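Each chain, letter by letter, is given below.
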Amino acid sequence: MAGRAIVLLLLIIILSVGGIIWFDFLNLIDAKTVLAPIYKFIPFVPGEGRTQPRTAADEIINLDAERLAIRLEALELRNMEMDTQQRDLDNRFGEIVQMAQELEERQNALDERENSLRAQRFDAENKDRNVEQNARYLTGMPPQNAVNILASLDDQDAIDVLRKTEEIARAEGTTSVVAYWFSLMDPVRAAELQRKMAGRPPNL
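Each value, and the rule that gives it
Residues numbered from 1 in each chain as written. Predicted model: local features only at pLDDT ≥ 70, side-chain atom pairs only at ≥ 80, totals over all residues. Heavy atoms only, no water. Helix = DSSP H or I, 4+ residues; strand = E, 2+ residues; numbered from the N terminus. Buried < 20%, exposed > 50% of the residue type's maximum accessible area, 1.4 Å probe, protein only. Contact = heavy atoms within 4.5 Å. Areas by Shrake-Rupley, 256 points an atom, 1.4 Å probe, with all protein chains shown as cover. Expected span 1.5 Å × (residues − 1). Axes fitted to C-alpha atoms, helices over the stretch in contact; angles between N-to-C directions. Parallel < 35°, antiparallel > 145°, perpendicular 65-115°, else oblique. Nonpolar A, V, L, I, M, F, W, Y, C, P; charged D, E, K, R; others polar. Salt bridge = Lys/Arg side-chain N within 4 Å of Asp/Glu carboxyl O. Core = buried A, V, L, I, M, F, W, Y, C linked by side-chain atoms within 4.5 Å. Arc of directions from axis to C-beta. Patch = residues over 30% accessible without salt bridge, like charges linked within 9 Å, V, L, I, M, F, W, Y side chains within 5 Å.

Visitor: What is the right way to read the overall build of the chain from this model?
Guide: Looking only at helices and strands, the chain features 7 helices and 0 strands. Listed by position from the N terminus, the elements making up the chain come as α-α-α-α-α-α-α. For the chain, buried positions account for 17% of its 204 residues. Long-range pairs, those at least 24 residues apart, make up 52% of the contacts in the chain between residues at least 6 apart in sequence. Surface exposure of the chain reaches about 16,000 Å², of which carbon and sulfur atoms provide 60%.

Visitor: Is there a simple way to think about the environment of valine 131 in this case?
Guide: With respect to the secondary-structure elements, valine 131 resides in helix H3 (residues 57-140). For valine 131, a relative accessible area of 12% corresponds to the buried category. For the pair formed by valine 131 and threonine 165, sequence separation is 34 residues and the distance between their alpha carbons is 9.0 Å.

Visitor: Whenever I open this one, helix H5 (residues 155-172) confuses me. Can you help?
Guide: For an α-helix, the turn length of 3.6 residues means that residues three or four places apart are oriented alike. Compared with the 26 Å implied by 1.5 Å per residue over 18 residues, the 26 Å span of H5 between its first and last C-alpha is a close match. Among all positions of H5, only Ala158, Ile159, Asp160, Val161, Leu162, Arg163, Lys164, Thr165, Ile168 and Ala169 are buried. Of the residues trailing H5, glycine 173 is marked for its positive phi of about 70°.

Visitor: It is not clear to me how the packing of H5 against helix H7 (residues 187-199) should be interpreted in this structure. Could you clarify?
Guide: Two elements in contact, H5 and H7, have axes whose closest approach is 10 Å; the angle formed by their N-to-C orientations is 70°. Accordingly, the angle class assigned to the pair H5 and H7 is roughly perpendicular. Every residue of H7 that contacts H5 at Asp155, Ala158, Ile159, Leu162, Arg163 and Glu166 is listed here: Arg189, Glu192, Leu193, Lys196 and Met197. When its residues are assigned to classes, the contact of H5 with H7 shows 5 nonpolar, no polar and 6 charged.

Visitor: Would you explain the pattern of salt bridges in this entry?
Guide: Between side chains of opposite charge, a pair can form when the charged atoms approach closely. What the rule picks out here adds up to 12 salt bridges. Between glutamate 167 and lysine 164 there is a salt bridge; the shortest N-O distance is 3.4 Å. On the criterion of helical spacing, the pair formed by glutamate 167 and lysine 164 is a turn pair, its members being 3 residues apart in helix H5. With a relative accessible area of 40%, glutamate 167 lands in the partly exposed category. The exposure class assigned to lysine 164 is buried, which follows from its relative accessible area of 8%. Glutamate 192 serves as the salt-bridge partner of lysine 196, at 3.7 Å between the closest nitrogen and oxygen. Taken together, the residues lysine 196 and glutamate 192, both in helix H7 and 4 residues apart, mark about one turn of the helix. We classify glutamate 192 as partly exposed; its relative accessible area is 28%. One salt-bridge network, held together by shared partners, links Asp155, Arg189, Glu192, Arg195 and Lys196.

Visitor: Help me out: how do you make sense of the nonpolar core in this one?
Guide: Judged by nonpolar contacts, the single largest core of 18 residues is most densely connected at Leu150, Leu162, Trp181, Phe182, Met185 and Leu193. Elements with a contribution of two residues or more to this core: H3, helix H4 (143-152), H5, helix H6 (178-184) and H7. Looking at which element gives the most residues to this core, the answer is H5, with 5 residues. The residues contacting leucine 150, other than those within four sequence positions of it, are Leu138, Ala158, Val161, Leu162, Trp181, Met185 and Arg189.

Visitor: Would you mind showing me how to read H7 here?
Guide: An ideal rise of 1.5 Å per residue puts 18 Å on 13 residues; H7 measures up with 18 Å between its terminal C-alpha atoms. Taken together, the buried positions of H7 are Arg189, Ala190, Leu193, Lys196 and Met197. The buried residues of H7 occupy one face: seen down the axis, they fall within an arc of 135°. Away from its buried face, by an angle of more than 90 degrees, H7 presents the exposed residues Pro187, Val188, Arg195, Ala198 and Gly199. Considering only its buried residues, H7 is in contact with H4, H5 and H6.

Visitor: Sorry, what's going on with the side chain of lysine 196 here?
Guide: Taking relative accessible area as the criterion, lysine 196 reaches 19% and is therefore assigned buried. In this view, lysine 196 contacts Asp155, Ile159 and Arg163; residues no more than four positions away in its chain are not counted.

Visitor: Help me out: how do you make sense of a nonpolar patch on the surface in this one?
Guide: Together, Ile6, Leu9, Leu10, Ile13 and Ile14 make up an exposed nonpolar region whose accessible area comes to about 490 Å². Checked against the element boundaries, isoleucine 6 lands in helix H1 (residues 2-25).

If you want it as structure tokens, here you go:
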């Protein structure tokens, strides 16, 4: 009985060691370090212990921290890029606003110039109508009365009336009374007016 027990015990030990070796060979368990002395006697199994890398708990935390740091760095680069784009947009917007202001100022200047020219043209048209009306009034009254009125005008106003009178006479095909008015005027004033009329263009 004692012999059987010893044999069974040896058999159990052999089977257990064989199973451990087989599971270790299948990488189901890590027993090479413990069974390294036994592996020295097995020719097809290396005697060194398991050399696969082990990962510590703090190493996993470090990997997570590294991934987080990479993401934060990417976000920082993205934010820097967005800030640069925003500055470019702000600069461009400022340039557009400045151009719009300049265009508005130019448009206002053009509007003022147009209004000024329109007012000048209106004044010129009114003046021309007034001069024509005065010329027709003077032509329709007695010549001496007309000469007296011309004598009270300054030289430029008198010249405008005299020229308009001649223009109306040419347009209507009648004889101008300007020469007769000159004959009734003071000779010095008549000569001065004739000299200025001859020396200035009709539009002045």
